[in-house]
Amino acid sequence: PPRAPCDDLGMLAPPAPAPAPQSNMTDDDDDARPPAPEPAAAAPPTTTQAQPAWAAVCAEVLAAIQDSTLVGVRDRLVSRGFRCGPVYNGSKQKFGQGYYEIRPPPAFPSSYYLITKSNRTNKEVLRSKSQLVKYFETCLALARSGGAYRKQSERDAEREAELRAWRGDDDEDDDAAPAPAPAAQVE
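Residues numbered from 1 in each chain as written. Predicted model: local features only at pLDDT ≥ 70, side-chain atom pairs only at ≥ 80, totals over all residues. Heavy atoms only, no water.

K.L.:
Even after reading the chapter, I still don't get the overall build of the chain, so can you show me in this structure?
P.N.:
Within the chain one finds five helices and two strands. Sequence-ordered secondary structure for the chain, helices as α and strands as β, is α-α-β-β-α-α-α. Here the chain, with 187 residues, has 24% of them falling under the buried criterion. The long-range fraction of contacts in the chain, counting pairs at least 24 apart against all pairs at least 6 apart in sequence, stands at 55%. Total accessible area computed for the chain in this model is approximately 14,400 Å², and 55% of it derives from carbon and sulfur atoms. (Helix = DSSP H or I, 4+ residues; strand = E, 2+ residues; numbered from the N terminus. Buried < 20%, exposed > 50% of the residue type's maximum accessible area, 1.4 Å probe, protein only. Contact = heavy atoms within 4.5 Å. Areas by Shrake-Rupley, 256 points an atom, 1.4 Å probe, with all protein chains shown as cover.)

K.L.:
Explanation requested: helix H4 (residues 129-145) in the structure shown.
P.N.:
When the terminal C-alpha atoms of H4 are compared, their 24 Å separation across 17 residues agrees well with the 24 Å that a helix rising 1.5 Å per residue should span. Residues of H4 that are buried include every one of Gln-131, Leu-132, Val-133, Tyr-135, Phe-136, Cys-139, Leu-140, Leu-142 and Ala-143, and no others. Looking at the buried positions of H4, the neighbouring elements they touch are helix H1 (53-66), helix H2 (74-79), strand E2 (102-103) and helix H3 (111-114). Gly-146 lies just past H4 and shows a positive phi near 75°. (Expected span 1.5 Å × (residues − 1).)

K.L.:
It is not clear to me how the state of the cysteines should be interpreted in this structure. Could you clarify?
P.N.:
Any covalent bond linking the sulfur atoms of two cysteines counts as a disulfide. Enumeration over the complete set of coordinates arrives at zero disulfides. With no disulfide of its own, Cys-58 lies 4.2 Å from the sulfur of Cys-139, the closest cysteine sulfur. Relative accessible area serves as the criterion here: at 0%, Cys-58 is assigned to the buried category. (Disulfide = S-S within 2.5 Å.)

K.L.:
Quick question: what am I supposed to make of the nonpolar core here?
P.N.:
Most often, soluble globular proteins have nonpolar side chains that are buried together. Trp-54, Leu-77, Phe-82, Ile-102, Leu-132, Tyr-135 and Phe-136 are the most contacted members of the largest nonpolar core, which totals 26 residues. For this core, the secondary structure elements donating two or more residues are H1 and H4. When neighbours within four sequence positions are excluded, Leu-132 is seen to be in contact with Ile-65, Leu-70, Val-73, Leu-77, Ile-102 and Leu-126. (Core = buried A, V, L, I, M, F, W, Y, C linked by side-chain atoms within 4.5 Å.)

K.L.:
Can you walk me through the packing of aromatic side chains in this structure?
P.N.:
Remark: the centre distance and the inter-plane angle together describe each pair of aromatic rings, the angle taken between the planes. Enumeration over the complete set of coordinates arrives at seven aromatic pairs. On the numbers, 5.8 Å between centres and 80° between planes, the contact of Phe-82 with Phe-136 is edge-to-face. In this pair, Phe-82 is assigned in the loop between H2 and strand E1 (83-84) and Phe-136 in helix H4, connecting sequence segments 54 residues apart. Phe-136 shares its class with Phe-82; the two are buried. Counting every residue linked through ring pairs, the aromatic cluster contains Trp-54, Phe-82, Phe-108, Tyr-135, Phe-136 and Tyr-149. The lysine or arginine in question, Arg-74, covers the ring of Tyr-100, its NZ or CZ lying 5.3 Å from the ring centre. (Phe/Tyr/Trp six-rings, centres within 6.5 Å; stacked < 30°, edge-to-face > 60°. Lys NZ or Arg CZ within 6 Å of the ring centre and 35° of its normal.)

K.L.:
How do you make sense of the pattern of salt bridges when you look at a structure like this?
P.N.:
Any two side chains of opposite charge can pair, given that their charged atoms come close. For the structure on display, the rule yields nine salt bridges. The salt bridge partner of Arg-80 is Glu-60, with a shortest N-O separation of 2.3 Å. Here the residue Arg-80 occupies a position in the loop between H2 and E1, and Glu-60 occupies one in helix H1, the gap between them amounting to 20 residues. According to the relative accessible area criterion, Arg-80 is partly exposed, its value standing at 30%. Note that Glu-162 and Arg-155 form a salt bridge whose closest N and O atoms lie 3.5 Å from each other. Judged by its relative accessible area of 39%, Glu-162 falls in the partly exposed class. Linked through salt bridges whose partners overlap, the residues forming this network are Glu-124, Arg-150, Glu-154, Arg-155, Glu-158, Arg-159 and Glu-162. (Salt bridge = Lys/Arg side-chain N within 4 Å of Asp/Glu carboxyl O.)

Below, the structure written as structure tokens:
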């Protein structure tokens, strides 16, 4: 049997290109050529991609806070699972213009990684209307893009581990019974 042609390294040579089809049409016969087949249309993007459940809550509360104060949306936040601290009113603030600390629910994107990590203080909480609006807008952009995110529950666990390490309490089994006292040696 004939051997296939090989290159210098012993690799099989690529097959020769197929000859171009011969046409007996002249340049004057351009109108007689059949039209080229049209490429298949691309499938339309699907709009049924499921958005996370928190995206609807973010859109709702974002719409509500646009025409309200931070104190005005506190009850709505609490009813949606946000953890809100007590309201602090400064001496120069009018009634209803106080602030409070806000933490997202455990299944929501972490406010620390989206918004507050770059703050000089209060890195773990949202405390102003502008921070809350920015958080919700960032969450909605994240939901639209389908990007990866870290949950608030993950950040809470990280923070707890950092605090344990800082206190010198590396044991995660705080509920374990203490070790029994060593037995007294009898001589």
